[in-house]
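Coordinate analysis (summary)
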Amino acid sequence: MTDDQVAAAIRVLINQLDPEGLLAAGAPDDEYDSEVSDLTALVCGEDEITAGTVGSVWNRWFNMSPNWCTREPEQVNEIAAALRRLRDQRQRSDLR
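Residues numbered from 1 in each chain as written. Predicted model: local features only at pLDDT ≥ 70, side-chain atom pairs only at ≥ 80, totals over all residues. Heavy atoms only, no water.

Before going further, it helps to spend a moment on the overall build of the chain. Of the regular secondary structure elements, the chain holds 5 helices and 0 strands. Starting at the N terminus, the α and β elements of the chain follow one another as α-α-α-α-α. Scaling as 2.2 N^0.38, a compact globule of 96 residues should have a C-alpha radius of gyration of about 12 Å, and the chain matches this with 13 Å. For the chain, the spread of C-alpha atoms along the principal axes amounts to about 40 × 25 × 20 Å. (Helix = DSSP H or I, 4+ residues; strand = E, 2+ residues; numbered from the N terminus. Rg over C-alpha atoms; globule rule 2.2 N^0.38 Å.)

Here it is, written out as structure tokens:
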């Protein structure tokens, strides 16, 4: 699984959730690409992927309160789990 494939999968996840409601308000599909880029680096890196690390990425870009991490901790946990699965898929594909 390439970095671009990881990024595309993360973009789908984040856009489906639309955590800050920006897409629903008419923002373009690439609205969350900065966050997607940082989350992709997390998946492709070696740091542990937790709700906390996902929240750190999110709060870097959305420094407001309450934000998605505060409002929807279950979703943040779901994204962290999905990112761990993507990392596993990427690592398995690298072994081939």
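A separate point is the side chain of R90. With respect to the helices and strands, R90 occurs in helix 5 (residues 73-95). If we skip the residues at most four places from it in the chain, R90 touches M1, D3, V6 and C44. (Contact = heavy atoms within 4.5 Å.)

Attention now moves to the environment of G21. One can find G21 in the loop between helix 1 (3-17) and helix 2 (33-44). Take G21: its relative accessible area is 28%, and that puts it in the partly exposed class. It is 34 Å that separates the C-alpha atoms of G21 and R92, two residues lying 71 residues apart in sequence. (Buried < 20%, exposed > 50% of the residue type's maximum accessible area, 1.4 Å probe, protein only.)

Turning next to the packing of aromatic side chains. With the rule as written, the count across this model stands at 4 aromatic pairs. Ring geometry for Y32 against W58: centres 5.6 Å apart, planes inclined by 35°, an arrangement best described as tilted. One end of the pair, Y32, is in the loop between helix 1 and helix 2; the other, W58, is in helix 3 (residues 51-61), with 26 residues separating them in the sequence. Take W58: its relative accessible area is 0%, and that puts it in the buried class. Between Y32 and F62, the aromatic rings sit 6.2 Å apart at their centres with planes inclined by 55°, giving tilted as the arrangement. Of this pair, Y32 sits in the loop between helix 1 and helix 2 while F62 sits in the loop between helix 3 and helix 4 (68-71), placing them 30 residues apart in sequence. For Y32, a relative accessible area of 0% puts it in the buried group. (Phe/Tyr/Trp six-rings, centres within 6.5 Å; stacked < 30°, edge-to-face > 60°.)

Let us now look at the packing of helix 3 against helix 5. Two elements in contact, helix 3 and helix 5, have axes separated by 8 Å at closest approach and are oriented at 105°. Classified by the interaxial angle, the pair formed by helix 3 and helix 5 is roughly perpendicular. For the pair helix 3 and helix 5, contact is made by A51, V54 and G55 and by V76, N77, I79, A80 and L83, respectively. Split into classes, the residues belonging to the contact of helix 3 with helix 5 amount to 6 nonpolar, 2 polar and no charged. (Axes fitted to C-alpha atoms, helices over the stretch in contact; angles between N-to-C directions. Parallel < 35°, antiparallel > 145°, perpendicular 65-115°, else oblique. Nonpolar A, V, L, I, M, F, W, Y, C, P; charged D, E, K, R; others polar.)

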